[in-house]
Amino acid sequence: MDQERRSQWLRGVLDMCVLAMVSGGESYGYHLVQAVEAAGLGPIKGGTLYPVLLRLESTGLVATDWRQGPSGPARKYYRITAAGQATLRQAVLDWQSFSSDVNAILQRGNAILQEGQST
């Protein structure tokens, strides 16, 4: 996949993906970076993730607290709030509708291309 396109798509959905990941339980930044990559969305940098986390925190969708790391410095842990849960529920519905519309358009375009190749 074209990396620039993937980066553009990821920028559009990273907030809700991070919110969904935090809904599964508390997490800290580096763990979320690993989880995003493990989920197949590719590598992201802290400079991309931490503004997302700050935005989610400043809008009240996640809450935070600092805890001593098991073998190092303190870590900032993120957990979803009630407002974050409500936002995530709505985001899932919105995404399903939006992605369904995009898929329909792309499938129509691909079908037209396929018909053109067979003639």
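A brief look at the structure comes next.

Quick notes on the rules
All residue numbers refer to positions counted from 1 along the written sequence of the respective chain. Per-residue local features of the predicted model are confined to residues with pLDDT of at least 70, and side-chain atom pairs are confined, for both listing and counting, to 80 or more; whole-chain, interface and lining totals are unaffected and use all residues. As a rule here, side-chain values cover all heavy atoms of the structure and leave hydrogens and water aside. Here a cavity is any set of points on a 1 Å grid over the protein atoms alone where a 1.4 Å probe fits but cannot get out, and a pocket is any open set with protein on both sides within 12 Å along at least 5 of 7 lines; a residue lines the site when it has an atom within 4 Å of a point. Grid points are joined across faces, edges and corners, and a volume is the space filled by probe spheres set on the points. Counting from the N terminus, the helices are DSSP H or I runs at least four residues long and the strands are E runs at least two residues long. Under the scheme applied here, ten amino acids are nonpolar (Ala, Val, Leu, Ile, Met, Phe, Trp, Tyr, Cys and Pro), four are charged (Asp, Glu, Lys and Arg), and all others, including Gly, are polar. By definition, a salt bridge exists where a carboxyl oxygen of Asp or Glu is found within 4 Å of a side-chain nitrogen of Lys or Arg. Burial status follows relative accessibility: with a 1.4 Å probe on protein chains alone, a residue under 20% of its type maximum counts as buried, one over 50% as exposed, and anything between as partly exposed. It is the directions from the helix axis to the C-beta atoms that the arc portrays. Pairs of residues are marked as contacts when any of their non-hydrogen atoms sit within 4.5 Å.

In this structure, the largest pocket occupies an estimated 410 Å³ of space. Contributing to the lining of the largest pocket are 14 residues, with W9, L10, V13, W95 and V102 lying nearest its centre. Per element, the largest residue contribution to the lining of the largest pocket is 6 residues, and it comes from helix α4 (residues 82-118). Of the residues belonging to the lining of the largest pocket, the class tally is 10 nonpolar, 3 polar and 1 charged. Counted as a void, the second largest pocket has a volume near 180 Å³. The wall of the second largest pocket is formed by Q3, R6, S7, L10, R11, L14, P43, I44, K45 and T48. Looking at the lining of the second largest pocket element by element, the count peaks at 6 residues for helix α1 (residues 3-23).

Turning next to the pattern of salt bridges. What the rule picks out here adds up to 6 salt bridges. One salt bridge connects K76 with E57, and the closest N-O pair in it is separated by 3.1 Å. On the criterion of sequence distance, the pair formed by K76 in strand β3 (residues 75-80) and E57 in helix α3 (residues 46-58) is long-range, its members being 19 residues apart. With a relative accessible area of 22%, K76 lands in the partly exposed category. You can call E57 partly exposed: its relative accessible area is 25%. Measuring nitrogen to oxygen at the nearest pair gives 2.8 Å for the salt bridge that ties D65 to R79. Taken together, the residues span a long stretch of sequence, with D65 in strand β2 (residues 62-67) and R79 in strand β3 at a distance of 14 residues. Relative accessible area serves as the criterion here: at 22%, D65 is assigned to the partly exposed category. Connected through salt bridges with shared partners, the residues E26, D65, R67 and R79 form a single ionic network.

This part takes up helix α2 (residues 29-41). All of the buried residues along α2 are G29, L32, V33 and V36. Along the axis of α2, the buried residues cluster in a sector spanning 105°; they form a single face. Exposed side of α2, more than 90 degrees from the buried face: Y30 and A38 are the residues found there. Contacts from the buried residues of α2 go to α1, β1 (27-28), α3 and β3. The positive-phi residue at the C-terminal boundary of α2 is G42, with phi of around 90°.

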